[in-house]
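One letter stands for each residue in the lines below.
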Protein chains: 2
Amino acid sequence: MTDSRYPLAVAWLHDRPGIDLLDQTFLPHEEVRRPLDDLEGVFEAIANLRVRGAPAIGVTAAMGLAATVSRSIEAGTSPESPSALLAQLDRGARVLEGARPTARNLSHSLRALLGAMREWLDQEATTRAPQADLPGWACHPWSRALVGLADDIRSADAAQCRQMGMHGADLFPSEGVSLLTHCNTGALATAGSGTALAAVYELHARGVPVRVYACEARPVLQGARLTAWELQRAGIEVTLITDSMAGALMAEGQVDAVILGADAVCANGDVVNKIGTYTLALLAQEHGLPFYVAAPRTTVDKSLASGAQVPIEERSADEVRFLGGVRTAPPDVAVWNPAFDRTPAHLITALITDAGILRPPFGPAIQRLVD
Amino acid sequence: MTDSRYPLAVAWLHDRPGIDLLDQTFLPHEEVRRPLDDLEGVFEAIANLRVRGAPAIGVTAAMGLAATVSRSIEAGTSPESPSALLAQLDRGARVLEGARPTARNLSHSLRALLGAMREWLDQEATTRAPQADLPGWACHPWSRALVGLADDIRSADAAQCRQMGMHGADLFPSEGVSLLTHCNTGALATAGSGTALAAVYELHARGVPVRVYACEARPVLQGARLTAWELQRAGIEVTLITDSMAGALMAEGQVDAVILGADAVCANGDVVNKIGTYTLALLAQEHGLPFYVAAPRTTVDKSLASGAQVPIEERSADEVRFLGGVRTAPPDVAVWNPAFDRTPAHLITALITDAGILRPPFGPAIQRLVD
C-alpha cells in the first residue's frame, strides 16, 4: 500500500486501532511519524497543524474517528445498538470539527463517513464484503465496516491525485520539463501524491526528466519546509528560490511552465489560491509560459460566480513579523497579510482536474464538469 | 546637524576623535550606536555589516579613516611630514578596502579622501578655511583638513539625497500618495535621507500624506528589518508585506506608484537592483502604475551598454535555507540565490537623480547627464 515515491501523510497503524501520522511540524528537519489512538490525539494533531492541506486534514479526521471508535468496539466497550454507535460517532465528529473550525474539508469528510456508516448499518453489512487490505486489528464487523468506509475516503482522495497526476503529466513533453511551483500541493497536503505535484511524481515515475523550482511561499514557507523536502526525499530535482526570484528566473529562460494548486475554483474559472499565485500568473503571461492550476472537481464551487465573491482571509501580522520564532521586523509595525489572492481565469492556460484537462472558456467546461 | 526626521547612519563623535555609527546588526530590535575610534573597529564594522548600503559604507570608511588618523595627529604621534601622513592614510585605506573587497564605493570614497588631502597638503592650507561645524577635537590643522575633507564626502552624499528627495517628491500630488518600495534605500543606506526613501521623507516634511508599503525583501529582509524600522521611527505610515503580496496589493488598488533604488544604471536606462525589482516593474506595468527608480548620477555606469552586461552575483544558499539562524528548508536542498535582477528600461517610467528627473528615451538623457 505504501508508495515509496512520496511520503504518506497518513496511514493506518498496523498493530492496534489507530492512525500513523507524519508529523509535519518537524519538517523539514526530521521525519517523525506519530501513532494516534485516541480522539484527543487526533484533535491535537489537526489543531496544531501536525497535518495540513485540506484533503489530508479531511482524510486524517475520518480515519482518526474510525480508528478511535474502532478501538472501543474492539475492546468490547462498544455501544450496544447501531443508534448508540452513530451517536458516538457523531460526538466524535463534533469534537474533531472544532479542531479547525474553518476547514470545510474536515467537516465534509467526517459527515461523509457518518452518512456511509448509517447507510451500512441500515443494510446490516449485506451490501459490502470485508476489504482484504484493511489493518489486521479491524475484527468486529462494525470496525471492519467503519475502517473500510474511512479507507474508501482515503483511497478516493489518493485516486483523485493519481488522476490529476496522469492528466497533468500528459501536458508535458517526454524529453523533460522545468516547472515552477508555489506553496505545497504534494503528498503532504493529500492522502495521495498531491494535486499539482501529482503531475511531477507521475512524470518522475514515467522516467521523464523533471526539474522543479519551488517558491518558498512566505510567510509560512510551505515551499521551503514541505515541497522542497518531499521532492528531495523522492529523488526529484528541486531548487528552492525566494518568492521574489520567480520573475528573474523566467527571464533567464529556466522555466517551461508554472503548475500549482487551488483553494477554490469559481464557476468562471477564476482561482483563489495561496498569496503570490496571482503574481506568478502575470509573470507567466509576460514570459509566454503556460500557467496550470491543478485541483480536484471537489474544489470547484459553482456558487461562486467569480473570484471577487471569495472573501480573502487575513491572517496574523506576526506571521510576517516573525519567522521560526525569530522576529524580523519592528514589533508593532503594521502588516497586510492576506492568506490568498485571486487569479482571473484569463491568466490560466488550463485546469488539471481528476476528470481531465479543462481549457478556456472555463465557464462552460466547468458547467459540464460538475453537472 | 542632526535631522530628527531620519536616523543618521554615521556621524562624528563629539568628545574625541572617532565616529558614531548606528549598528544596523541590532535592527529592528534595538537602536544601538557604536563609537569607533580605531581602524580595527571601523574595519570590523564594515566587514560585519554593522553599516551597509554602498553610500553609507563609503562615507563611513572615509570618516573612519579621517578620525582614526586624526587621533594620532591630536595625540602628538602624527607623522612628521606630509608624505609620511599620506603614507599613513594610504596604509589605512588599504586596510579598510579589505573589509568589503567588492564594494566599489568603499574604495572610491577612500581614494577621494586621499586625493583631496594630497591636494590640500600640496597647497599648505591656503586654499581652505577651517570649517566651523567640525567636531571640537579637530584642532591640529592637518586634523581639521582631513576631517573637513571627509565631512565634504559625507555632506555631498547627504546633499545628493536631498536633491533626489526634492525631485522625487515633486512627482506626487500634494493630496497624498501610497507608494510601494523594496529593500532599503533610506537613511540607513546613505549618509542622508536615502535614495528612493528621500522622496518619502521629503513628502512627509512637506506635510503630504504618504503611506509606504514595504516589501520585506527576502532573503536578507532589508525591507522588514530596516525600511519598516526607519520609516516607523520617523512617524511615517508604513505597512510591511511579504514579496509575494505586491501583485495582490496592486490589484486591490492600494498602490499609486512603485519607487525603489538601483545598484547600477546602464547607459540605455536598464537598471540592476535587488532581486525582485524586475517582478515589481512588470506588476506595475500590468496595473498601469508608474515605476520610479531613484539613484544618484554616480550610480550611472556609461560603460555598461545594457543590463545584460552586468554579471549577477549569486550569494550563499544558506541565505535562502536559513532565516535569522533558523533553518527553514532541508539542509542540502539546491538553491538559486541571485542578489540582483535586471529591469529593462522600457518598464521604467522615470529615473529620479540628484540632477533631476530623467524620462524616456533614457539613452540620450543619460548621455547628457554624465557628460
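As the structure is a computational prediction, the values presented were derived from the model and not from experiment.

Peer 1: Can you explain the relation of the copies chain A and chain B? Please cite residues and give values.
Peer 2: With an RMSD of 0.0 Å, the fit of chain A onto chain B corresponds to turning through 180° and sliding 0.0 Å along the axis. This pairing of chains is accounted for by a two-fold axis. When the interface residues of chain A are mapped onto chain B, 100% of them again fall at the interface, so both copies present the same face.

Peer 1: Before we move on, could you go through unusual backbone geometry and cite the residues and values that matter?
Peer 2: Here the residue pair A:Pro360 and A:Pro361 is connected by a cis peptide bond, since its omega of -5° sits within 30 degrees of zero. Topologically, A:Pro361 is positioned in the loop between β17 (356-358) and α11 (362-370). The omega angle of the peptide bond from B:Arg218 to B:Pro219 is 10°, so this bond is cis rather than trans. Looking at the element boundaries, B:Pro219 is found in the loop between β5 (210-215) and α7 (222-233). Within the chain, B:Ala217 stands out as a residue other than glycine whose phi angle is a positive 70°. Here B:Ala217 is to be found in the loop between β5 and α7.

Peer 1: Give a description of the sheet that holds strand β2 (residues 19-22) of chain B that names residues and reports values.
Peer 2: All names here are of chain B. Strand order across the open sheet formed by three strands is β1-β2-β3, with antiparallel pairing between neighbours. Either end of the sheet is taken by a strand with one partner, and the two such strands are β1 (10-12) and β3 (33-36). The mean inter-strand angle of the sheet, taken between neighbouring strand axes irrespective of direction, is 25°. Bridge analysis of β2 against β3 gives four bridges, and the strand direction is antiparallel. For Ile19, the partnering residue across the bridge sits in β3 and is Leu36.

Peer 1: Talk me through the interface of chain A and chain B; I want residue IDs and the actual numbers.
Peer 2: Contact residues are listed per partner, giving 50 residues for chain A and 50 residues for chain B. Roughly 4200 Å² of surface becomes buried between chain A and chain B when both sides are summed, with 66% attributable to carbon and sulfur atoms. The largest contributions to the chain A side of the interface with chain B come from A:Ser244, A:Met245 and A:Trp336, which together make up 16% of the buried area. Our count for the contact surface shared by chain A and chain B stands at four salt bridges. Across the pair A:Arg218 and B:Glu216 runs a salt bridge whose closest N-O atoms are separated by 2.6 Å. Partitioned by chemical class, the residues of the side of chain A that touches chain B number 27 nonpolar, 13 polar and ten charged. Where strand β6 (residues 237-241) of chain A and strand β14 (residues 334-335) of chain B come together, two bridges link them in parallel fashion. Each bridged residue has a counterpart across the sheet, and for A:Thr239 the counterpart in β14(B) is B:Ala334.

Peer 1: Give me the lowdown on the sheet that holds strand β11 (residues 300-301) of chain B, citing residues and values where you can.
Peer 2: Residues and elements named next belong to chain B. Read from one edge of the open sheet, four strands run β11-β8-β9-β15, paired in mixed fashion. The sheet terminates laterally at β11 and β15 (340-343), the two strands that pair on one side only. Bridging between strand β9 (residues 271-274) and β15 involves four bridges; their strand directions are antiparallel. Across the sheet, Asn273 pairs through a bridge with Asp341, a residue of β15. Contacts between helix α9 (residues 277-286) and the sheet are confined to β9 and β15, with β15 contributing the most and set at about 35° to the helix.

Peer 1: An account of the environment of A:Gln24 is needed here, citing residue identities and associated values.
Peer 2: All names here are of chain A. Within the secondary structure, Gln24 is located in the loop between β2 (19-22) and β3 (33-36). For Gln24, a relative accessible area of 2% puts it in the buried group. Between the C-alpha atom of Gln24 and that of Ala9, which follows or precedes it by 15 residues, the distance is 8.4 Å. Non-local contacts of Gln24, meaning those with residues more than four positions away in its chain, are made with Ala9, Leu49, Arg50, Val51, Arg52, Leu188, Arg225 and Leu226.

Peer 1: Can you break down helix α9 (residues 277-286) of chain A residue by residue, with the values?
Peer 2: Residue and element names in this part refer to chain A. Counting buried positions along α9 yields eight of ten residues, so the element is predominantly enclosed. Those residues of α9 that sit buried are Thr277, Tyr278, Thr279, Leu280, Ala281, Leu282, Leu283 and Ala284. Directly after α9, the chain includes Gly288, whose backbone phi takes a positive value near 70°.

Peer 1: Tell me about the confidence of the model for chain A, and name the residues and values.
Peer 2: Per-residue pLDDT for chain A averages 94, and the proportion of residues at 70 or more is 97%. For this predicted complex, the interface score ipTM comes out at 0.93, while the overall pTM is 0.94.

Peer 1: Any details on the pairing of strand β7 (residues 257-260) of chain B? Residues and values, ideally.
Peer 2: Residue and element names in this part refer to chain B. Here β7 shows no split at all, with Ala257 and Ile259 on one side and Val258 and Leu260 on the other all buried. Examined bridge by bridge, strand β4 (residues 177-181) and β7 share two bridges and lie parallel to one another. The residue bridging Leu180 from the neighbouring strand is Val258, located in β7. Sheet analysis places β7 next to strand β10 (residues 291-294), joined by three bridges and oriented parallel. Paired with Leu260 across the strands is Val293, a residue of β10.

Cut-offs applied
- Residues numbered from 1 in each chain as written.
- Chains lettered and ligands numbered in written order.
- Predicted model: local features only at pLDDT ≥ 70, side-chain atom pairs only at ≥ 80, totals over all residues.
- Heavy atoms only, no water.
- Least-squares fit on C-alpha atoms with pLDDT ≥ 70 in both.
- Contact = heavy atoms within 4.5 Å.
- Helix = DSSP H or I, 4+ residues; strand = E, 2+ residues; numbered from the N terminus.
- Pairing = 2+ DSSP bridges.
- Axes fitted to C-alpha atoms, helices over the stretch in contact; angles between N-to-C directions.
- Buried area = accessible area lost by both parts, 1.4 Å probe.
- Salt bridge = Lys/Arg side-chain N within 4 Å of Asp/Glu carboxyl O.
- Nonpolar A, V, L, I, M, F, W, Y, C, P; charged D, E, K, R; others polar.
- Buried < 20%, exposed > 50% of the residue type's maximum accessible area, 1.4 Å probe, protein only.
- pLDDT = per-residue confidence, 0-100.

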